[in-house]
Amino acid sequence: MTSAAVTGAAAGLGGEETLRMEGITVRFGGLTALSEISLVTRAGEFVGLIGPNGSGKTTMLNVITGLVPASAGALSVCAEPCGGASVHRRVRMGLARTFQRAMLFPELSVGDHLSLAEQIPNLWRRTAAGGAGRHQEMTDLVTAEPWRLRPQDRVSHLSLGGLRIVELAMALASRPRVLLLDEPLSGLDQAERTSFGDALLHVQRSLGVTVVLIEHDVESVLRLAQRLVVLNFGVKIADGPAAEIIQDPSVREAYFGGDER
């Protein structure tokens, strides 16, 4: 199933629409970083966003979250148009994101970070539903094996995997409908990759969150994602069920350079 066949593989899925991109284009001077990207996701869907380095994956997340303006096209989150909306407004619409580099405060503890994250709804002067339950979800993530983090642990003493799981827990504080992750498995050992992946599956299945994951490790992506979206030179070249898309000749050429791996 290529991008020419359908707007997105979500067309055949049930569930509420959580993200819609229509003809999104991003230009930096004379460089076109994204060209007419269209995508639809639905509640509880796990999407792997893959492609070679420089294919436009991070730019796509930046456009969705409002860090980079689109040059053309339309974008909506949970059926609410967000063209021109600020980053914090998009968080209120239902977006949450983690970045390639851990974005935490080294002098603060794990508990401090979770407490700060839980204040986000208060900044909007509203009470978020399910606060106690979400607090438990956050705590369960950071205390599970193999992390076993304690509230008093300073993040400056954590492994990369520990930093990643704290970031994931914090992202859940805003009660997102769509969770965007930019290479969270990079630098983790195999055991951490498996455990972090299991945590993402729990978020997707138990909380009904749409997960969009950028990741270069094909084995991990295929274990986690139901659907693959493939970018190459800023163009969406494939979109569909993961097991089918990874066998697509154009995908293998773009992603593996034609190698049969």
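Remember, predicted model here, so these are calculated numbers, not experimental data.

About the cut-offs
Residues numbered from 1 in each chain as written. Predicted model: local features only at pLDDT ≥ 70, side-chain atom pairs only at ≥ 80, totals over all residues. Heavy atoms only, no water. 1 Å grid on protein atoms, 1.4 Å probe; cavity = no way out; pocket = protein on both sides within 12 Å on 5 of 7 lines; lining within 4 Å. Points joined across faces, edges and corners; volume = space filled by probe spheres on them. Helix = DSSP H or I, 4+ residues; strand = E, 2+ residues; numbered from the N terminus. Nonpolar A, V, L, I, M, F, W, Y, C, P; charged D, E, K, R; others polar. Buried < 20%, exposed > 50% of the residue type's maximum accessible area, 1.4 Å probe, protein only. Contact = heavy atoms within 4.5 Å. Core = buried A, V, L, I, M, F, W, Y, C linked by side-chain atoms within 4.5 Å. Expected span 1.5 Å × (residues − 1). Patch = residues over 30% accessible without salt bridge, like charges linked within 9 Å, V, L, I, M, F, W, Y side chains within 5 Å. Areas by Shrake-Rupley, 256 points an atom, 1.4 Å probe, with all protein chains shown as cover. Salt bridge = Lys/Arg side-chain N within 4 Å of Asp/Glu carboxyl O.

**Details of the layout of surface pockets**
Thinking step 1. Approximately 630 Å³ is the volume found for the largest pocket.
Thinking step 2. Contributing to the lining of the largest pocket are 22 residues, with Val-91, Arg-97, Phe-99, Ile-120 and Ala-171 lying nearest its centre.
Thinking step 3. Elements supplying a minimum of two residues to the lining of the largest pocket: α2 (87-93), β6 (95-98), α3 (110-118) and α6 (160-171).
Thinking step 4. Across the lining of the largest pocket, the residue classes tally to 15 nonpolar, four polar and three charged.
Thinking step 5. Reported here for the second largest pocket is a volume of approximately 160 Å³.
Thinking step 6. Lining the second largest pocket are 14 residues, and of these Pro-69, Ala-70, Gly-83, Gly-84 and Arg-90 sit closest to its centre.
Thinking step 7. Considering each element in turn, the lining of the second largest pocket owes the most residues, three residues, to strand β4 (residues 72-77).
Thinking step 8. Classifying every residue of the lining of the second largest pocket by side-chain character gives nine nonpolar, four polar and one charged.

**A short note on empty space enclosed by the protein**
Thinking step 1. As enumerated under the stated definition, the model contains one cavity of 30 Å³ or more in all.
Thinking step 2. Here the largest cavity defines a volume of roughly 30 Å³.
Thinking step 3. Forming the boundary of the largest cavity are Thr-98, Arg-164, Glu-167, Leu-168, Leu-181, Pro-184 and Phe-196.
Thinking step 4. Looking at the lining of the largest cavity element by element, the count peaks at three residues for α6.
Thinking step 5. Taken together, the residues that form the lining of the largest cavity break down as four nonpolar, one polar and two charged.

**Structural notes on the environment of Leu-222**
Thinking step 1. Along the chain, Leu-222 turns up in helix α8 (residues 218-224).
Thinking step 2. For Leu-222, a relative accessible area of 36% puts it in the partly exposed group.
Thinking step 3. Considering only alpha carbons, one finds Leu-222 and Ala-243, 21 residues apart in sequence, at a separation of 7.2 Å.
Thinking step 4. Those residues within four positions of Leu-222 in sequence are excluded, and the remaining contacts are Leu-228, Ala-242 and Ile-246.

**Points about the nonpolar core**
Thinking step 1. Membership of the largest hydrophobic core comes to 50 residues, with the highest contact counts inside it found for Ile-165, Val-166 and Leu-168.
Thinking step 2. Not counting the four nearest positions on each side in its chain, Val-166 is found in contact with Leu-104, Val-110, His-113, Val-142, Leu-149 and Leu-158.
Thinking step 3. Residues Ala-33, Ile-37, Leu-61 and Leu-180 belong to the second largest nonpolar core, which totals 28 residues.

**Remarks on α6**
Thinking step 1. Taking 1.5 Å per residue as the helical rise, α6 with its 12 residues ought to reach 16 Å, and the 17 Å between its terminal C-alpha atoms agrees with that figure.
Thinking step 2. Among the 12 residues that make up α6, 11 are buried, leaving the element largely enclosed by the rest of the structure.
Thinking step 3. Residues of α6 that are buried include every one of Gly-161, Gly-162, Leu-163, Arg-164, Ile-165, Val-166, Glu-167, Leu-168, Ala-169, Met-170 and Ala-171, and no others.

**A few points about a nonpolar patch on the surface**
Thinking step 1. The grouping of Leu-67, Val-87, Phe-99 and Met-103 at the surface amounts to a nonpolar patch, some 350 Å² of accessible area in total.
Thinking step 2. One can find Leu-67 in the loop between α1 (57-65) and β4.
Thinking step 3. On the accessibility criterion, Leu-67 (45% relative accessible area) is partly exposed.

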